[in-house]
Amino acid sequence: MNALPPELAFDFDKYPYLTSLLAGTGGVIRQEPRDFQVAELPAYLPSGKGEHLYLHIEKTGLTTRQVFEFIRDQLGVPEAGIGVAGLKDKHAVTRQWISIPAKYQHRLAEFDNLSGVKLLETGLHTNKLRTGHLKGNAFRILLRQAEGGAPRAREILGTLEQTGVPNYYGPQRFGLEGQNPLRGYELVRTGKGRANPWLKKFLIASVQSLLFNHWLSLRLERGLFDRVLRGDIAKKHDSGGEFVVEDPDAENPRAKRLEISATGALYGNHYRESEADARALEDEVLARFELGRENFRARRGARRALRFPLGEWGVEESGDGLWVSFFLPKGAYATSLLREIMKKNPEAANLETASLDGLGEAED
């Protein structure tokens, strides 16, 4: 294989900011677990009857995978019987739902032996919880050593409320020091590599995500963030529906109003392909990495909106710093929003703690 393409390792600092004309707060996050608080908002609550038991837990200092493995190993629940809607951060205080078969309810006392986890409530439901069964996540995050106070953060958030937030994949997607795409590239190019199936899935996903980030970066640089091109697959933010853009002049007023947004490809064997000018832009990114769509046929594809709406946000000053609160839809990364506020990689000081399990604060 030739030398690896440039920019294959993830570097959050290289991507353009949408609010580059507004000064950031700087600061640091995650100095203590309580500084980063996440509450999962479920798509539905347990109905009170059914063969599946939903567990609402609060965890501190643990990955979702570690809780998953505890349930498997200590409660004796088969791995296939455990359901989660999304992964949650380790270095945080997080609340989420997990489902297990109801017949294991008598083993719940075992949670007393898992330090860092509180069982908040339980309820029966008719189906197993599955990935993506959530509305999104509510965040409350402390920015220590921030500059400019609440007015600076509010100005940035107010702007993003009008424009939408660049939907970058955050550092959690790319592993220790952003190296997962380097490992996944061989799998994508050759279909071969030394890793178990679970690891291969996430390594390839990191390459899919890196290509998306570079595509989004290119659209920002070329003034295409709040516009659609001919052949774009656009997403309607109110309904989630998608359509092919045939007349950009007719659709761009809707894009300006944040009613629709272009979507980028997560290449694979089943996804809606763009056309015309939009496809040419995707081809430009693929060529930069010496890849083609055919390299991803072994994985399932999808499309991802280039931005997400921001709502229900707030900023509060305290003796420790700035508390920033906001709601994000599923699939969005809090680090992508914090990056605009802080004007730096929010996780730069925490890269040594990155792991494959940390796929995203609101990962679907």
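Conventions we followed
- Residues numbered from 1 in each chain as written.
- Predicted model: local features only at pLDDT ≥ 70, side-chain atom pairs only at ≥ 80, totals over all residues.
- Heavy atoms only, no water.
- pLDDT = per-residue confidence, 0-100.
- Contact = heavy atoms within 4.5 Å.
- Helix = DSSP H or I, 4+ residues; strand = E, 2+ residues; numbered from the N terminus.
- Buried < 20%, exposed > 50% of the residue type's maximum accessible area, 1.4 Å probe, protein only.
- Polar contact = N/O pair within 3.5 Å; in protein donor to acceptor, adjacent residues only side chain to side chain.
- Pairing = 2+ DSSP bridges.
- Axes fitted to C-alpha atoms, helices over the stretch in contact; angles between N-to-C directions.
- Phe/Tyr/Trp six-rings, centres within 6.5 Å; stacked < 30°, edge-to-face > 60°.

A. Spotlight on the confidence of the model for the protein. Of all residues in the protein, 94% attain a pLDDT of 70 or more, and the chain-wide mean is 92. When the criterion is pLDDT under 50, residues 352-364 qualifies, and its contacts beyond four places in sequence or with other chains add up to 52 contacts.

B. Up close: the side chain of Asp-89. With respect to the helices and strands, Asp-89 occurs in the loop between strand S3 (83-84) and strand S4 (93-101). Taking relative accessible area as the criterion, Asp-89 reaches 7% and is therefore assigned buried. Only 2.9 Å separates the side chain of Asp-89 from the side chain of Arg-30, close enough to count as a polar contact.

C. Region of interest: the sheet that holds strand S11 (residues 302-305). One open sheet accounts for four strands, arranged S9-S8-S10-S11; its pairing is antiparallel. If you trace the sheet from one side to the other, it starts and ends with strand S9 (242-244) and S11, each paired once. Sheet twist, expressed as the average angle between the axes of neighbouring strands with direction ignored, equals 40°. Alignment of strand S8 (residues 233-236) against strand S10 (residues 260-266), held across three bridges, turns out to be antiparallel. When the bridges of S10 are listed, Lys-235 appears paired with Ser-261. Its contacts with the sheet put helix H5 (residues 248-256) on S8, S9 and S10, and the angle it makes with S10 is roughly 95°.

D. Region of interest: the packing of aromatic side chains. Enumeration over the complete set of coordinates arrives at 16 aromatic pairs. Aromatic side chains Phe-10 and Phe-174 sit 4.2 Å apart centroid to centroid with 10° between the ring planes, which places their arrangement in the stacked category. Here the residue Phe-10 occupies a position in the segment before strand S1 (36-42), and Phe-174 occupies one in the loop between strand S7 (165-166) and helix H3 (180-190), the gap between them amounting to 164 residues. Residue Phe-10 is classed as buried on the basis of its relative accessible area, which comes to 10%. Judged by its relative accessible area of 0%, Phe-174 falls in the buried class. The interplanar angle of 45° and the centroid separation of 6.4 Å between the aromatic rings of Tyr-44 and Tyr-54 together place this pair among those described as tilted.

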